[in-house]
Amino acid sequence: MEHYQLENDLTLFYAKANTFPEGVMDAYQRLHEWVKTPDTRNIYGISYFIPGGIEYLAAAVEEYPGEGAVLGCETYLLPAGTYISEYVEDFRTDMGVFTRIFNEMTSRPDIDPQGCCVEMYIGEHSVRCMVRLKDTVQ
């Protein structure tokens with residue numbers, strides 16, 4: 001694992017999965033209805049614990065302030081800071097890689113307790129898995 005510096009806060013608009021993990025693909029399909037050319041912007045997966053399970057958001061970075069509102073979407077602020085990170089070259093060959101990586105990351109004592117698990121998609125096959133470190137919390 002390595003450190004990854006997210007230099008600026010990111011405003012993401014999202015489609016929420018109705019269930020986890022079963023509803024994740026449906027959330028991405030809804031997101032892609034709003035983002036007609038997903039290869040031209042950064043796509044993220046955001047997950048965090050809620051009572052009774054995990055909330056999952058399929059998200060895209062706003063290209064201009066208020067884009068999410070224009071599309072009728074809710075937004076999520078992904079804070080700048082230092083994240084523990086692992087780059088996965090071809091996640092599609094082993095979808096269980098997410099569980100293994102995020103279980104390891106979230107067991108660390110130095111992560112932000114109010115943070116989330118972040119999947120930063122790079123092209124169609126690669127992903128950077130990240131969890132924010134608590135020493136960057138302001």
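Predicted model, so just to flag it, every value in this text is computed and none were measured.

Caption draft 1: Spotlight on the pairing of strand β7 (residues 117–122). Among the six residues that make up β7, five are buried, leaving the element largely enclosed by the rest of the structure. As defined by bridge partners, strand β3 (residues 43–50) adjoins β7 across five bridges and the pair is classed as antiparallel. The residue bridging G45 from the neighbouring strand is E119, located in β7. Where β7 lies against strand β8 (residues 126–132), six bridges are found, and the strand directions are antiparallel. In the strand pairing of β8, I122 is matched with S126. In sequence, β7 turns back onto β8 through a hairpin of three residues, with G123 there showing a positive phi of about 70°.

Caption draft 2: Focus on the nonpolar core. The biggest cluster of nonpolar side chains holds 28 residues, and the ones touching the most others in it are Y28, L31, F98 and Y121. Among the secondary structure elements, those contributing two or more residues to this core are β2 (10–16), α1 (24–34), β4 (53–61), β6 (81–88), α3 (97–106), β7 and β8. Broken down by element, this core gets its largest block of residues, five residues, from α3. Other than its neighbours up to four places away in sequence, Y28 contacts I43, Y44, G45, Y56, A58, E119 and Y121. Judged by nonpolar contacts, the second largest core, of 16 residues, contains L6, V61, C116 and M130.

Cut-offs applied
For every chain, the first residue of the written sequence is number 1, and numbering continues from 1 onward in sequence order. The predicted origin of the model limits local features to residues at a pLDDT of at least 70 and limits the giving and counting of side-chain atom pairs to 80 or more, whereas totals for whole chains, interfaces and linings rest on all residues. Each side-chain value is derived from all of the structure's non-hydrogen atoms; neither hydrogens nor water enter the calculation. Each residue is placed in one exposure class: buried if its accessible area under a 1.4 Å probe, protein chains only, is under 20% of its type's maximum, exposed if it is over 50%, and partly exposed if it falls in between. Only DSSP runs of H or I covering at least 4 residues are called helices, and only runs of E covering at least 2 are called strands; the numbering of each starts at the N terminus. In this scheme, strands are said to pair when DSSP sees at least two bridges between them. For this analysis, a nonpolar core means a set of buried residues of the types Ala, Val, Leu, Ile, Met, Phe, Trp, Tyr and Cys, connected via side-chain atoms within 4.5 Å. Here, two residues are considered to be in contact whenever any of their heavy atoms come within 4.5 Å of each other.

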